Structures are given as C-alpha cells and as structure tokens.
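# What the coordinates show
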Amino acid sequence: SQTIHQWPATLVQPVGSPLSLECTVEGTSNPNLYWYRQAAGRGLQLLFYSVGIGQISSEVPQNLSASRPQDRQFILSSKKLLLSDSGFYLCAWKTGSGVCYFGPGTRLLVL
Amino acid sequence: SQQGEEDPQALSIQEGENATMNCSYKTSINNLQWYRQNSGRGLVHLILIRSNEREKHSGRLRVTLDTSKKSSSLLITASRAADTASYFCATALYPYGQNFVFGPGTRLSVLP
C-alpha cells in the first residue's frame, strides 16, 4: 500500500535560519507530489507541485523553494526563514483517479 | 475569493444528529472531493464525486453535487463524537490541471 512520510514532525527555527523539510512516498512510482501550507484554523494553500524528477511548478512566489531529487522524494527549502513562514506544511501525492493522500505534516514555528 | 468555500465555518451539534456542510465553487470542475482533518493531523480523503454525478454515498456520508449552482453538500448522518474534525471540500479544475483547490473548511464539533 502507499505511504507518505514527512519529517520532522515539528520544528522551531529562528528568523533568518535555513529550512529543509522532506517528504517521501512509498508504494508508487512517478507520483505527482504537492506541498501545501496551512495557517492556523485555515484552509490549504498550494505552494509547489511536481510531476517528475527535477520538475517543479510554483504556485505562490515567496522565499520558499522545492526540489525533487528522486522519484519519490520532495523537499521544501528556504535559505532564510521569515516569521510569516510559520504554519503547518503538508506533503501530498495525487493518484491517477485524482485523490490526494496526505502526509502527517510538519508544524513549523519561526521565532 | 476562493474557488471552494465551505459553509458554515463552524458547526456544533449533539451526538446522533445529522450534520450538513456546504461547499460553493466558481469555475468548471472535473470532480469535487471532501476531506477530513483531525486537529494537528494530515487530511484524509472521504469521498469523490465526479462532475457528471449528482449524489454519492459512503457509509454515513452522503454527498450531492449541483453543477448548475456550483455547489456541493456533505451530510453526515447519526453523528458521533469521533466525527469532530474540520471538513474541507476540494475541487479539481476543468480542464485537468495540477492545482487542487481547497476551501477554508468547516469545523464540526459533535457533543456527547
């Protein structure tokens, strides 16, 4: 069965520090992968999606970037975090039938 | 405003009652999906309804879709305390696109 992993589960970082969040998927090949951010009590904002290795599309311009170095690995990064980057980051992959499966999320607090 | 918007923003009911949540959207869609999120967790897919379908059932869940009104509803029958969560509708835009748009969600509280 398909499984999606995210780490770390929680992260507290100072403003200006770098960020690296990792997402890996098991049980599928060539998945469409997504990074979403959710502010407290709010809906999900699509940040990046990837249809294959090295292919990244950005939905919202910001100080975040994404990379897909391997078929089942999706990384969200920042060189310098801002206070506004705090939130709940969710990785997801979408099946051919259009259903999204989400990872457990990473809660990021920037101080 | 957003493509998908749920209504109400928050709903509080007693255990055993039915809960109805609505979702409105603006553009043509391929399908509409409902997801559930327990506090601090990832989203879990509940049900998908395609644009050519009008109603779908899954256990205690009933989803309707009215493409002429660009709206959908999620009905949870005989609610339980364990149904307490946030519920989101998500639309896959037509023609097929990668962006999968989520609404802000309805926070459902089922009181024992």
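Everything in this summary refers to the structure shown in the same document. (Residues numbered from 1 in each chain as written. Chains lettered and ligands numbered in written order. Predicted model: local features only at pLDDT ≥ 70, side-chain atom pairs only at ≥ 80, totals over all residues. Heavy atoms only, no water.)

Scanning chain B from terminus to terminus reveals zero helices and 11 strands. Expected size for 112 residues packed as a compact globule is a radius of gyration near 13 Å; at 13 Å, chain B falls within 12% of this value. The 112 residues of chain B split such that 45% are buried. Within chain B, contacts between residues separated by at least 24 positions form 57% of all contacts whose residues are at least 6 apart in sequence. A total of about 5,300 Å² of accessible surface is found on chain B, and carbon and sulfur atoms cover 47% of it. Across chain B, 12 positive and 9 negative side-chain charges occur, with their mean positions spaced 5 Å apart. (Helix = DSSP H or I, 4+ residues; strand = E, 2+ residues; numbered from the N terminus. Rg over C-alpha atoms; globule rule 2.2 N^0.38 Å. Buried < 20%, exposed > 50% of the residue type's maximum accessible area, 1.4 Å probe, protein only. Contact = heavy atoms within 4.5 Å. Areas by Shrake-Rupley, 256 points an atom, 1.4 Å probe, with all protein chains shown as cover. Lys, Arg positive; Asp, Glu negative; His and termini not counted. Charge placed at Lys NZ, Arg CZ, Asp CG, Glu CD.)

Bringing the state of the cysteines into the picture now. Residues and elements named next belong to chain A. Throughout the structure, instances matching the rule amount to two disulfides over all chains. A sulfur-sulfur separation of 1.9 Å characterises the disulfide bridge that pairs Cys-23 with Cys-91. The sign of the S-S torsion, about -70°, decides the handedness of the disulfide formed by Cys-23 and Cys-91: left-handed. With a gap of 68 residues between them, Cys-23 in strand β3 (residues 19-26) and Cys-91 in strand β9 (residues 87-94) connect regions that are remote in the sequence. (Disulfide = S-S within 2.5 Å.)

Residues and elements named next belong to chain B. Note that Ser-86 resides in strand β9 (residues 85-93). Under the relative-accessibility criterion, Ser-86 is labelled buried at 17%. Apart from the residues lying within four places of it in its own chain, the contact partners of Ser-86 are Tyr-35, Arg-36, Gln-37, Thr-106 and Arg-107.

All right, on to a nonpolar patch on the surface then. Residue and element names in this part refer to chain A. Nonpolar side chains collect at one region of the surface, where Val-12, Leu-109 and Leu-111 lie side by side and expose about 290 Å² of accessible area between them. With respect to the helices and strands, Leu-111 occurs in the segment after β11 (106-110). Residue classification places Leu-111 among the exposed positions, given a relative accessible area of 57%. (Patch = residues over 30% accessible without salt bridge, like charges linked within 9 Å, V, L, I, M, F, W, Y side chains within 5 Å. Salt bridge = Lys/Arg side-chain N within 4 Å of Asp/Glu carboxyl O.)

A few words on the pairing of strand β6 (residues 55-58) of chain B. Here β6(B) pairs with strand β7 (residues 61-66) of chain B via four bridges, running antiparallel. Bridge assignment links B:His57 to a residue of β7(B), and that residue is B:Arg62. (Pairing = 2+ DSSP bridges.)

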